[in-house]
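Geometric and topological summary
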Amino acid sequence: MSADTKTKDPLQFLDEAMAGLKAEGLYRRLRVLHGEQRAEARFDGRDVVNLSSNNYLGLTTHPKLRDAALKAVKDLGVGSGSVRTIAGTMELHMELERRIAAFKKTEASVVFQSGFAANAGTVAAILGKDDLILSDELNHASIIDGARLSRAAIRVFPHRDVAALARLLEETADVKRRLVITDGVFSMDGDIAPMPQIAALAREHGAIMMVDDAHASGVLGKAGRGTVDHFSIHGQVDIQVGTLSKAIGVLGGYVCGSKTLIEYLYHRARPFLFSTSHPPAVAAACLAAFDVLESEPERIQKLWSNTDRFKKGLARIGFNTGTSETPITPIMVGEADLAMKFSDRAFERGVFAQGIGFPTVAKGTARLRTIVTATHTEEELDRALSILEDVGRSLGIVR
Ligand SMILES: Cc1ncc(COP(=O)(O)O)c(C=O)c1O
């Protein structure tokens, strides 16, 4: 081996990859939040209307969640000390799982460290190399990673295209075990999956039906029970995933379904088996969040009235907001560098709306992603609209 080869940095290719990102306008610095995650917050030293968090209901700073977490720290310490299957199952973890199952009206539930782990861990655990996954083209990365880990074959159907899914199910009738999987609310477009039709097709063809309700949890359905409740299709979806990291305001993910499914995941879902469980403060805060969902329904009402006000404002200005039906409202821009410029200029003027480009969304469909929350005031939303309008016009995104 030459001296030159030995001294060369083996990670040098990463410098080239980063230079490529910069050339495409996709290089991002992490914005740093000073203080609490709120509707108006301070990022990178600037006070901004925050349209970038998933804190739909403002629960990240809710006093009941804060108190529950503090009490858990005082009573139980800061860590669980083990994975769930060895010594890390605390009473609080079991209580949270019972609470979530009752809330979602399913037999049982299991909590994972994140929504990502819940999706990836579940898909990889229940399917194997002889199986087939039928997946919406805009499904979340955690579903795609779980599908790859499972080694099952993957067929992607066009976004929300029920007829294409029906054709795929017919074509693949000889495969013994099939999973139909979709996001309930799509994270970058804010549209809702046609769940009743998809679930009916899965049932008709004997396939397993799974939904990722990360952005429907706390947002859609009675008290935020998700898409199954929103469409009144209880009992027709075999596996429901939700997150505790977005509207619930804390951290984690869960899977709801039959007792057998949950017991199986206790034995086979690798993130559950091989990664330490939540600290007690996390479980306690999540439990308090489910109390708040049921005792403060006005939060969800405010989320939707704010969403309505903001969407109407964007439409009045003339922005293209795609197919959104929920508080996730993209402002479509097209090229990534223009979307990033829009985001940066809006930030300088006092609005934080993250620019999103490839690989999170397809090339040529870069956008600003906005999410209003229940805790934004009307004044904040109107101010944000006026800044977005000014900047959008100066960049020629609206005329
Ligand atoms: C659709 C969807 N599923 C799953 C997840 C993962 O959830 P978590 O942040 O709890 O890992 C996210 C969050 O980014 C998401 O948007």
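Residues numbered from 1 in each chain as written. Predicted model: local features only at pLDDT ≥ 70, side-chain atom pairs only at ≥ 80, totals over all residues. Heavy atoms only, no water.

1. So, empty space enclosed by the protein
Empty space among the atoms becomes apparent when a probe as large as a water molecule is rolled across them. Under the defined criterion, the tally for this structure stands at 1 cavity of 30 Å³ or more. In this structure, the largest cavity occupies an estimated 80 Å³ of space. Here the residues of the lining of the largest cavity are counted per class, giving 3 nonpolar, 5 polar and 1 charged. (1 Å grid on protein atoms, 1.4 Å probe; cavity = no way out; pocket = protein on both sides within 12 Å on 5 of 7 lines; lining within 4 Å. Points joined across faces, edges and corners; volume = space filled by probe spheres on them. Nonpolar A, V, L, I, M, F, W, Y, C, P; charged D, E, K, R; others polar.)

2. Some words on the nonpolar core
Counting residues in hydrophobic clusters, the biggest one holds 39 residues, and the most contacted among them are Tyr56, Leu57, Leu96, Ile100, Leu244 and Phe290. The set of elements that each furnish at least two residues to this core consists of α3 (63-76), α4 (91-104), β10 (253-257), α12 (280-295) and α13 (298-317). For this core, the element with the most residues is α12, which contributes 12 residues. Excluding residues that lie within four positions of it along the chain, Leu244 makes contacts with Leu96, Ile100, Val111, Gly249, Val250, Leu251, Gly252, Gly253, Tyr254, Cys286 and Phe290. Counting 28 residues, the second-largest nonpolar core is a separate cluster that includes Leu26, Leu314, Ile331 and Leu381. (Core = buried A, V, L, I, M, F, W, Y, C linked by side-chain atoms within 4.5 Å. Buried < 20%, exposed > 50% of the residue type's maximum accessible area, 1.4 Å probe, protein only. Helix = DSSP H or I, 4+ residues; strand = E, 2+ residues; numbered from the N terminus. Contact = heavy atoms within 4.5 Å.)

3. A word on the packing of aromatic side chains
Considering all chains together, one arrives at 6 aromatic pairs under this definition. For the pair Phe43 and Phe352, a centre-to-centre distance of 4.7 Å together with 65 degrees between the ring planes defines the contact as edge-to-face. Residue Phe43 is found in strand β2 (residues 40-43), and its partner Phe352 is found in strand β12 (residues 351-352); the two are separated by 309 residues along the sequence. Under the relative-accessibility criterion, Phe43 is labelled buried at 6%. Ring geometry for Phe112 and Phe272: centres 6.2 Å apart, planes at 70 degrees, overall edge-to-face. Of this pair, Phe112 sits in strand β4 (residues 108-112) while Phe272 sits in helix α11 (residues 270-274), placing them 160 residues apart in sequence. Exposure class is identical for Phe112 and Phe272. Each is buried. Of the aromatic side chains, those joined through ring pairs into one cluster are Phe43, Phe347 and Phe352. Directly above the aromatic system of Tyr27 lies the positively charged group of Lys22, at a separation of 4.5 Å from the ring centroid. Here the basic side chain of Arg31 rests over the ring of Phe347, its NZ or CZ set 3.6 Å away from the ring centre. (Phe/Tyr/Trp six-rings, centres within 6.5 Å; stacked < 30°, edge-to-face > 60°. Lys NZ or Arg CZ within 6 Å of the ring centre and 35° of its normal.)

4. Comments concerning a nonpolar patch on the surface
A contiguous nonpolar surface patch, about 290 Å² in accessible area, is contributed by Leu11, Phe13 and Leu14. Mapped onto the fold, Phe13 is located in helix α2 (residues 12-23). (Patch = residues over 30% accessible without salt bridge, like charges linked within 9 Å, V, L, I, M, F, W, Y side chains within 5 Å. Areas by Shrake-Rupley, 256 points an atom, 1.4 Å probe, with all protein chains shown as cover. Salt bridge = Lys/Arg side-chain N within 4 Å of Asp/Glu carboxyl O.)

5. A look at the side chain of Arg84
Relative to the assigned elements, Arg84 resides in the loop between α3 and α4. For Arg84, the side chain forms a polar contact with the side chain of Glu97, separated by 2.9 Å. If sequence neighbours within four positions are ignored, Arg84 has contacts with Thr89, His93, Met94, Glu97, Val111, Tyr266, Phe272 and Ser277. (Polar contact = N/O pair within 3.5 Å; in protein donor to acceptor, adjacent residues only side chain to side chain.)

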